[in-house]
2 protein chains.
Amino acid sequence: MAHRQAQQRRPSIHDVASHAGVSAATVSKVMAGVTTVKPENAQRVFDAVELLGYRVDPLASDMRRAKRRIIGAIMPEFESEFFGQMVTQLESLAEQRGYTLVAASSRESEAREKEILERMHDWRVAGVVLAPVRNEHGPAAEFMKANGMTGVLIDRVLSDDAFDTVSADSAAASAEVARELIGKGHRHILVVGLGEQAATVRARLDGFRGTALALAPDVRIDVVLAESDVEPLRAQLRDYFDQGEGGSRGNRPTAVYSLFLKGTLVALSEFRRRGWHCPNDISLVGFDDAEWMQVTWPAIAAVVQPVRQIAGHAMEALFARIEGGEGPPRARLEPCQVLMRESVGSPGNGPHSGGGNRQ
Amino acid sequence: MAHRQAQQRRPSIHDVASHAGVSAATVSKVMAGVTTVKPENAQRVFDAVELLGYRVDPLASDMRRAKRRIIGAIMPEFESEFFGQMVTQLESLAEQRGYTLVAASSRESEAREKEILERMHDWRVAGVVLAPVRNEHGPAAEFMKANGMTGVLIDRVLSDDAFDTVSADSAAASAEVARELIGKGHRHILVVGLGEQAATVRARLDGFRGTALALAPDVRIDVVLAESDVEPLRAQLRDYFDQGEGGSRGNRPTAVYSLFLKGTLVALSEFRRRGWHCPNDISLVGFDDAEWMQVTWPAIAAVVQPVRQIAGHAMEALFARIEGGEGPPRARLEPCQVLMRESVGSPGNGPHSGGGNRQ
DNA sequence: CAACTGCGAAAAATCGATTTACTCATTTGG
DNA sequence: CCAAATGAGTAAATCGATTTTTCGCAGTTG
């Protein structure tokens, strides 16, 4: 029988102890790297561990501790590159510190968000990284506060009086977008956004409007916002271009700034429907970058969020709190990068070829 | 003091027991829904649970069981829509059965894949859903086999002699793509793919080639494959179009079929570089759909994988095994949907406007 | 030489549940 | 009417570690 039989139950610390001729407590100390063990005994433990293929059971190990080495991560969704990268990063960072990451998707629902949090509280996780659906004032953060959980809020948050927050510097990025668009001569710009209640929407809108108005007081900024769902936004956008403000030919905005990825998709889809091309008929910039944006024609200009920095600082802050760090909560803003690609041009530069509703 | 103090440790089963005036064993039975408890006692337990806000600690609960109510999921990456949706689905299905899903990304590395599996084995997970980096013969599946773990393999697998497998019916979908392209008159087609070792590449390629040759024996099918990394594929594709076979004007393929999402992106990016437009200069179909593909111009034709079906049947098979289901492993193939969009046209229909290397 | 100090390791308690074995009652059967 | 069977519940063992307490023994000190 050359290789070890696998079907039996795994060796426990007691199996190792009896093989090594020491007590379980000694094995535990050796595994934990305590130095007060006689070298000879330590060696015998190592040998037994090797022989039996012993590995500590994290579940049993965590049982006796106050804080368990589990981190919870709650994201609004897993389908986008942004949150996908975020989970990848968080998992990697948790693993580096010997923690296990349990990730769950709230699927853009605050009710589910709270349920997940309750389950994570049941697991007595050491900490939670919460990317709330709306903002820092939801029931989930409330629950964490009420139950004395330690956590960090990321992405759609500004600052909080109970938890550290880490998010992209939406305002600064939006200001730069404004500078770019105004600089290219745009004086009528539509801002579209999804998630009216999201903390960052306000920041992005204000950052954009403030800078745009400062640079060009005569600029006209229209706003189309919708709460969470995509379909209402699609309808609103259609209406906007059909009727009044955005509709009539010469009175149409020359650029669109979308505050969220989904908004960018909706805008593009609406342009398609109308036969408008970027950047000749209209310019487009979106918050949130995606891999496909640089291979399409035109390539879509986008604000790139610093995922690694956000994840890194979130975990840093979280572990500092887990290890007992005191002090008032800190709100961190990470700088974004604005990639101006082909979807942005100067107004009136193109033939305004489309324009009709191609129904 | 209106609301319960939160900073103290959570109530244990013993706290509930003493409040209800029964033993911990009785509480355990009530929580488990055992009927042999006197209704009066059951009620007192319920009241105490309500009063104290007691919830079972899943960690402690799992300790005493042989199989723990944890499912592990290992995906090659989290950044794509496909695996994002997959994790969302798996999490939801696990939760429905009262299990917790622990997801980890192998980041396209077989070494990491095995490390993750070792850690999941440490957790003594009840089962694993593994989407291997290459195919069913990697070290990860080997490890699962050697340690008697129960699991299901999905996506980049065909069939296995130890585990159930669930994947998209790549061959059938590729055959349909072939029918469409041949039907539109294409007789020179380039197939590009990433992940030379992936089980599904062979199936997709064979499915495509078989049907194409059957329908049009004179068809010319070129193949450009690269192992895992994107950059080599980009270079190979550039060479292909520069030199020999794909290079000269009249001798260029009229359609490209990409076997993987990344390949579709690389192809698009190469078309960009050369100034070729779809479908006039060249047609494009990709395996794997993405949200952006229907809003770009042209919309990109794609094979849609049935994520929900794959996830659903994978979990079904997994839980059947967890609950002791016997029988030979089963290989399931889920039918895909082929969405022919604007990126596919008939050859020679367009002006072949581009063609130069626009360096 | 008794008392003291300390080191290293073993024994025992603990974490929070589940499960087994066992104890009383109360019923049922012969 | 007594024995066997059933019902309802509890004490204790268990899961696999960690942590605290206790203990034995060697070497110092007064």
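Residues numbered from 1 in each chain as written. Chains lettered and ligands numbered in written order. Predicted model: local features only at pLDDT ≥ 70, side-chain atom pairs only at ≥ 80, totals over all residues.

> Just checking my understanding: could you explain the relation of the copies chain B and chain A for this structure?
Mapping one chain copy onto the other needs a rotation about an axis and a shift along that axis. You can overlay chain B on chain A at an RMSD of 0.0 Å; the transform is a turn of 180 degrees with a shift of 0.0 Å along its axis. Classification of the inter-copy transformation places it as that of a two-fold axis. Within chain B, the C-alpha atom positioned nearest to the axis of rotation is that of Val102(B), 2.6 Å from it. Of all interface residues in chain B, 100% are interface residues in chain A too; the two copies therefore contact each other through one and the same surface. (Least-squares fit on C-alpha atoms with pLDDT ≥ 70 in both. Contact = placed C-beta atoms within 7 Å.)

> What am I meant to see in the packing of helix α6 (residues 110-122) of chain A against helix α7 (residues 139-146) of chain A here?
Relative orientation and spacing of two packed helices are given, respectively, by the angle between their axes and the distance between those axes. Residue and element names in this part refer to chain A. Interaxial distance between α6 and α7 falls to 8 Å at its minimum, and their mutual angle equals 25 degrees. Here α7 runs roughly parallel to α6, going by the angle between their axes. Pair α6 / α7 crosses with right-handed handedness. Here Glu110, Glu113, Lys114 and Leu117 of α6 lie close against α7, whose contacting residues are Pro139, Ala140, Phe143 and Met144. (Axes fitted to C-alpha atoms, helices over the stretch in contact; angles between N-to-C directions. Helix = DSSP H or I, 4+ residues; strand = E, 2+ residues; numbered from the N terminus. Parallel < 35°, antiparallel > 145°, perpendicular 65-115°, else oblique. Left-handed = near helix turned anticlockwise from the far one by under 90°.)

> Would you mind showing me how to read the protein's contact with DNA strand D here?
As a structural note, the neighbourhood of DNA strand D is formed by 26 residues, with Ser12(A), Ile13(A), Ala25(A), Ser28(A) and Lys38(B) the closest of them. Elements represented by at least two residues in the surface near DNA strand D include exactly α2 (24-32) and α4 (58-64) of chain A together with α2 (24-32) and α4 (58-64) of chain B. No other element matches α2(A), which puts five residues into the surface near DNA strand D. When the residues that make up the surface near DNA strand D are grouped by side-chain class, the tally is 13 nonpolar, seven polar and six charged. (Near = placed C-beta within 6 Å. Nonpolar A, V, L, I, M, F, W, Y, C, P; charged D, E, K, R; others polar.)

> Sorry if this is basic, but what is going on with the domain arrangement of chain A here?
Quoted interface sizes are often the accessible area lost when the parts come together. Segmenting chain A into domains produces domain 1 (13-56), domain 2 (67-167 + 307-334) and domain 3 (170-305). Summarising the inter-unit geometry, the C-alpha centres of domain 1 of chain A and domain 2 of chain A are found 36 Å apart. (Domains from an automatic or database assignment.)

> So what exactly am I meant to see when it comes to the protein's contact with DNA strand C here?
Taken together, 25 residues are adjacent to DNA strand C, and Ser23(A), Lys38(A), Ser12(B), Ala25(B) and Ser28(B) come closest. For the surface near DNA strand C, the secondary structure elements donating two or more residues are α2 and α4 of chain A together with α2 and α4 of chain B. With five residues, the top contributor of residues to the surface near DNA strand C is α2(B). Counted by class, the surface near DNA strand C contains 12 nonpolar, seven polar and six charged residues.

> Would you explain the pairing of strand β8 (residues 255-258) of chain A in this entry?
For a regular strand, side-chain orientation follows a simple rule: the groups alternate between the two sheet faces. Residue and element names in this part refer to chain A. Neither face of β8 is left uncovered, since the one carrying Ala255 and Tyr257 and the one carrying Val256 and Ser258 both have all their residues buried. The pairing of strand β6 (residues 188-194) with β8 spans four bridges and is parallel. Directly across from valine 192, in β8, lies its bridge partner serine 258. As paired elements, β8 and strand β9 (residues 283-287) share four bridges and run parallel to each other. When the sheet's bridge partners are listed, tyrosine 257 is paired in β9 with valine 285. Crossover connection from β8 via helix α12 (residues 261-274) to parallel β9: handedness right-handed. (Buried ≥ 20, exposed ≤ 12 C-beta atoms within 10 Å, placed from the backbone. Pairing = 2+ DSSP bridges. Right-handed = clockwise from strand over helix to strand, strands pointing away.)

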